[in-house]
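Notes for the structure review
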Amino acid sequence: MNRPFARAAGWAKGVAETLIPLVARRLLLHEARALHSLGLWVLRRRHQVPEGALAVAYTGPQTAMMYGMIFVSVIETVGLALVIPWPVVHAILLVIDVYGVVLILALHAACVVRPHVVGSDGSLRIRYGALFDLRVPAATIATARVDRRYPDGRLVRLGPDGVLDLAVGSQTTVTVELTEPVPFVRPLGRRGVARTLRFHADAPRAAVAALTRARAEVAPDPSAAPR
């Protein structure tokens, strides 16, 4: 990259950061990632799931709701097409409605192609589509267990005791205790620190078993220590 181009790119980035609020920038970024995920979904690919890692799906509780929203949106689009007589207004609303359907489908696709990941080294990556992404090193994980809970309706909730709930369909199924706090970024940019993680997995026992097995395999053998 030559210097004039680099300066122009830096200037454009600075202008964008000045004129567009952080929340709006993050929403645009999430939207772009969701649309990219829709392409991955069509191609039957997953986003950053390394070879040897376990992909942990979490879309079960929300799939029916997502397709229900798409069905309602399509019915609304057809209904408005029959009711509105003005061609210009009809065209504008049609574009908005079709994009809304595509965006809902993209949000669901993002959750499908961006699963949680249990690494072969015992690390953990928990995600919710393009909105949330938290990597946890293996050394930071103390224990993992199946633990079904029903927090409030928010996607991300941090309790005063440092418990982070990442709920899908208002439920979590896995609890991970940490040896030390880990920082995370909320969907709209706010930061927090978690000491315990609770998240949903469609197959929680498989996720916990993979976490436990991977950490046991990479842990040093005490009997092999020199005397």
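The structure reproduced in this document is the subject of the present report. One numbering rule holds for all chains: residues counted from 1, following each sequence as written. Local features in this predicted model are restricted to residues of pLDDT 70 or higher, and side-chain atom pairs are both shown and tallied only at a pLDDT of 80 or more, whereas totals for entire chains, interfaces and linings draw on every residue. To obtain the side-chain values, all non-hydrogen atoms of the structure were included, while hydrogens and water were left out.

**Quick word on the overall build of the chain**
How we decide: Helix and strand definitions follow DSSP, with helices as H or I runs of at least four residues and strands as E runs of at least two, each counted in order from the N terminus. The classification of residues rests on relative accessible area computed with a 1.4 Å probe and restricted to protein chains. Under 20% of the type maximum is buried, over 50% is exposed, and intermediate values are partly exposed. Whether two residues are in contact is decided by their heavy atoms: any pair within 4.5 Å suffices.
When you go through the chain residue by residue, the secondary structure sums to five helices and nine strands. Listing the helices and strands of the chain from first to last along the sequence gives α-α-β-α-α-β-β-β-β-β-β-β-β-α. A total of 227 residues make up the chain; the buried ones form 37% of that total. Once local pairs closer than 6 in sequence are excluded, the contacts in the chain between residues at least 24 apart make up 69%.

**What about the pattern of salt bridges?**
Selection rule: What counts as a salt bridge is simple: a side-chain nitrogen of Lys or Arg found within 4 Å of a carboxyl oxygen of Asp or Glu.
Tallied over the full model, the rule gives eight salt bridges. Asp133 serves as the salt-bridge partner of Arg125, at 2.5 Å between the closest nitrogen and oxygen. Taking the relative accessible area as the measure of exposure, Arg125 reaches 8% and is therefore buried. Residue Asp165 pairs with Arg157 through a salt bridge whose shortest N-O separation is 3.6 Å. Connected through shared salt-bridge partners, Asp152, Arg154, Arg157, Asp165 and Arg198 make up one network.

**Focus on the environment of Val95**
By secondary structure assignment, the location of Val95 is in helix 4 (residues 87-113). Spatially, the C-alpha atom of Val95 lies 9.6 Å from that of Thr77, the residues being 18 residues apart in sequence.

**Regarding the pairing of strand 4 (residues 132-136)**
Inclusion rule: DSSP-based pairing: two strands are paired if at least 2 bridges between them are found.
Of the two faces of strand 4, only one is covered, namely that formed by Phe132, Leu134 and Val136; the face formed by Asp133 and Arg135 stays uncovered. Where strand 3 (residues 124-128) meets strand 4, five bridges bridge the pair, whose relative direction is antiparallel. Bridge pairing in strand 4 places Tyr128 opposite Phe132. With antiparallel pairing between neighbouring strands as the criterion, strand 3 and strand 4 make up a hairpin whose turn holds three residues, including Gly129 at a positive phi of roughly 55°.

**Remarks on the nonpolar core**
Basically, it comes down to this: Here, nonpolar core means buried Ala, Val, Leu, Ile, Met, Phe, Trp, Tyr and Cys residues that are tied together by side-chain atoms lying within 4.5 Å of each other.
Counting 33 residues, the largest nonpolar core has Leu124, Phe132, Leu134, Val176 and Leu197 as its most contacted members. Ranked by residue count, the leading element in this core is strand 8 (residues 172-185), at five residues. If near-sequence neighbours (up to four positions away) are discounted, Leu197 is found in contact with Ile126, Leu134, Val136, Leu164, Val174, Thr175, Val176 and Leu178.

**Structural notes on the sheet that holds strand 4**
As a reminder, the rule being used: The angle between two axes is taken between their N-to-C directions and runs from 0 to 180 degrees, where each axis is a line fitted to C-alpha atoms and a helix contributes only its stretch in contact.
The strand order across the open sheet formed by four strands is 1-2-3-4, and the pairing between neighbours is antiparallel. The sheet is open, and its two edges are formed by strand 1 (54-56) and strand 4, each paired on a single side. On average, each strand axis in the sheet is tilted by 15° relative to the strand beside it, whichever way the strands run.

**Description of helix 2 (residues 22-42)**
To keep things clear, this is the line we draw: Helix span, expected: 1.5 Å multiplied by one less than the number of residues in the helix. Taking the helix axis as origin, the arc is that swept by the directions to the C-beta atoms.
Along its 21 residues, helix 2 runs 31 Å from first to last C-alpha, staying within 8% of the 30 Å computed at 1.5 Å per residue. Residues of helix 2 that are buried: His30, Ala34, Ser37, Leu38 and Leu40. Down the axis of helix 2, the buried set is contained in an arc of 160°. They therefore lie on one face. Opposite the buried face of helix 2, at more than 90 degrees from it, the exposed residues are Leu28 and Val42. Check the buried side of helix 2 and you find it contacts helix 4. The positive-phi residue at the C-terminal boundary of helix 2 is Arg44, with phi of around 60°.

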